[in-house]
Amino acid sequence: MLFMTLAITIKGFKLSKKMYLHFIPFGLILLSNLPFYFLNGIEKLETIKIFMEKVPSFQSFDFYFSLSFFVYIGVYIYSSIKKLTHFKLQVTNNVLVNWYHIVLSIYSVFLVLHLMYFIIQPIGKYNFALVNQMSMLVMTFIIQAVAYKLIDKSTIFSSKTPDLSDLQKRKKDEILIANKFEIDKIYLDDTLNLQRFSESVALPSAYVSEIINQKFNYSFKKLLNQYRLNEAKKIMQNANGEKIKLIEIAFECGFNNKVSFYRTFKEFEGISPSEYLEKIKRN
């Protein structure tokens, strides 16, 4: 879980030698369960049945060993969710990160509920084997879901990990891009495209496109049209009943033809510019 988190939040992530220390607890648990793997089918089923129906005791070693297992998984889930949350604050539109954050968050809720049941189980001598079965099924789901995402190449390759090594610079660039729209109103230029915009902020076009997509959750063209549309709406709202020509508004806001103006209105507002204007007059 942790390595998956690091792999999708750190650009060019590679396992270091120190990271292999994480496999020590896994190896110890594997060794402790080794005798189980040498049992025959019937003995394995019987062992699992006993495990599922067993009521732990506060005086038994098994209780505290199982409790440590909850802590062990909990630490890794907490670390993973914390890392994903930090990433999401910088990048809002990474499909793989958002999906994984939801999966781990749901599992963490289930793990806490299972832990609460496990702690009170010896007190009331509860024996709900279904809870243990559900726990195993959920963990299996997590493993299979991650495995599916790893083999689903379309998802992996479409969710590029941005370089967050210099967050201060990235924040500065985000503000620079936003100010070009908000303050300089560069969108009013009807010849503007990604290349010209990138030149205006002195940043590579691929980098600008990445920031806009991952921070503002839009493509450059869609963000451009959004600002132009907002400008057109302001003009319409400030008309105060005066007769205005929609095509003139379109050109004034940076649209270079009537078709794109109408299409943008339909996309964002669900109605045509003329219908929007009538709506304002009625209000």
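Scroll up to find the structure this text is about.
Residue positions are given per chain, counting from 1 as you read along its sequence in written order. pLDDT decides what is reported in this predicted model: residues at 70 or higher carry local features, side-chain atom pairs at 80 or more are listed and counted, and totals for whole chains, interfaces and linings draw on all residues regardless. For side-chain calculations, the full set of non-hydrogen atoms in the structure is used, while hydrogens and water are omitted.

## Quick notes on the overall build of the protein chain
The number of helices and strands found in the protein chain is 15 helices and zero strands. To get the radius of gyration, use the C-alpha atoms; to get the globule rule, take the number of residues to the power 0.38 and multiply by 2.2 Å. Against the globule reference of 19 Å for 283 residues, the protein chain gives a C-alpha radius of gyration of 28 Å, more extended than a compact globule. Once the C-alpha set of the protein chain is aligned to its principal axes, its extents read approximately 85 × 50 × 30 Å. What makes two residues a contact is simply this: any of their non-hydrogen atoms within 4.5 Å. Taking the intrachain contacts of the protein chain between residues at least 6 apart in sequence as the baseline, contacts between residues at least 24 apart amount to 67%. When the accessible surface of the protein chain is totalled, it reaches about 17800 Å², and 63% of it is carbon and sulfur. In the protein chain, which carries 35 positive and 23 negative side-chain charges, the distance between the mean positions of the two groups comes to 3 Å. Under the scheme used here, helices are H or I runs from DSSP no shorter than 4 residues and strands are E runs no shorter than 2 residues, and both carry numbers assigned from the N terminus. Using the Shrake-Rupley algorithm and a 1.4 Å probe, accessible areas are obtained, with residue cover drawn only from the displayed protein chains. Within this scheme the basic residues Lys and Arg register as positive and the acidic residues Asp and Glu register as negative, but His and the chain ends are omitted. A single reference atom marks each charge: NZ on Lys, CZ on Arg, CG on Asp, CD on Glu.

## Description of the nonpolar core
Generally speaking, nonpolar side chains in soluble globular proteins are found buried as a group. Remark: nonpolar core denotes a set of buried residues (Ala, Val, Leu, Ile, Met, Phe, Trp, Tyr, Cys) joined through side-chain atoms within 4.5 Å. Only protein chains enter the area calculation, which uses a 1.4 Å probe; residues under 20% of their type maximum are buried, those over 50% are exposed, and those in between are partly exposed. Counting 21 residues, the largest nonpolar core has I8, I77, L84, Y100, Y107 and L111 as the members making the most contacts within it. Going through the elements one at a time, α1 (2-9), α5 (61-90), α6 (95-124) and α7 (129-151) are the ones with two or more residues in this core. Ranked by residues supplied to this core, first place goes to α6 with eight residues. Counting residues in hydrophobic clusters, the runner-up holds 16 residues, among them I186, L192, Y207 and L224.

## Considering a nonpolar patch on the surface
There is a patch of nonpolar side chains on the surface, built from L15, Y20, L21, F23, I24, F26, L28, L30, L31, L34, Y37 and F38 and spanning about 1300 Å² of accessible area. Elements supplying a minimum of two residues to the nonpolar patch: α2 (23-32) and α3 (34-37). Take the nonpolar patch: its biggest share by element is six residues, from α2. Topologically, F38 is positioned in the loop between α3 and α4 (41-53). Like-charged residues within 9 Å of one another, or nonpolar side chains (Val, Leu, Ile, Met, Phe, Trp, Tyr) within 5 Å, are grouped into patches, provided each residue has over 30% relative accessible area and no salt bridge. Counted as salt bridges are all cases of a side-chain nitrogen of Lys or Arg within 4 Å of a carboxyl oxygen of Asp or Glu.

## Focus: the packing of helix α14 (residues 258-269) against helix α15 (residues 273-282)
One way to put it is that α14 packs onto α15 with a least axis distance of 9 Å and a crossing angle of 60 degrees. Here α14 is positioned oblique relative to α15, judged by the angle of their axes. Judged by residue contacts, F261, Y262, F265, K266 and E269 of α14 engage P273, E275 and Y276 from α15. Partitioning the contact of α14 with α15 into residue classes produces five nonpolar, no polar and three charged. The axes used here are C-alpha line fits, helices contributing only the stretch in contact, and every angle between their N-to-C directions lies in the interval 0 to 180 degrees. When an angle is under 35 degrees it counts as roughly parallel; over 145 it counts as roughly antiparallel; between 65 and 115 it counts as roughly perpendicular; any other value is oblique. Residue polarity follows a fixed list, in which Ala, Val, Leu, Ile, Met, Phe, Trp, Tyr, Cys and Pro are nonpolar, Asp, Glu, Lys and Arg are charged, and the others, Gly among them, are polar.

## With respect to the side chain of R228
Structurally, the position occupied by R228 is in helix α12 (residues 220-237). Buried charge R228 goes without a salt bridge, the closest partner of opposite sign being D189 at 6.2 Å. Contact partners of R228, with chain neighbours within four places excluded, come to Y187, D189, D190, L192, C253, G254 and F255.

## Some details on the packing of aromatic side chains
Stacked, edge-to-face and tilted labels apply to pairs of Phe, Tyr and Trp rings (six-membered ring for Trp) whose centres lie within 6.5 Å, assigned for plane angles under 30 degrees, over 60, and everything in between, in that order. Applying the stated criterion across every chain yields a total of 21 aromatic pairs. Between Y187 and Y227, the aromatic rings sit 5.5 Å apart at their centres with planes inclined by 25 degrees, giving stacked as the arrangement. Taken as a pair, Y187 in the loop between α9 (167-182) and α10 (194-201) and Y227 in helix α12 lie far apart in primary sequence, 40 residues in all. Relative accessible area serves as the criterion here: at 3%, Y187 is assigned to the buried category. Seen in terms of ring centroids, F261 and F265 are 5.4 Å apart; in terms of plane orientation they differ by 85 degrees. Their pairing is edge-to-face. Here F265 and F261 lie together in helix α14, a separation of four residues that amounts to about one turn. For F265, a relative accessible area of 0% gives the class buried.

## Looking at the pattern of salt bridges
For the structure shown, the criterion picks out eight salt bridges. As a salt-bridge pair, D173 and K169 come within 2.7 Å of each other at their nearest N and O atoms. Of this pair, D173 and K169 both sit in helix α9, four residues apart, which is roughly one turn of that helix. According to the relative accessible area criterion, K169 is partly exposed, its value standing at 40%. Taking the shortest distance from any N to any O, the salt bridge between K222 and E267 comes out at 3.6 Å. Here the residue K222 occupies a position in helix α12, and E267 occupies one in helix α14, the gap between them amounting to 45 residues. E267 gets classed as partly exposed once you look at its relative accessible area, which sits at 46%. Residues joined in a network through salt bridges with shared partners are R170, E174 and E210.

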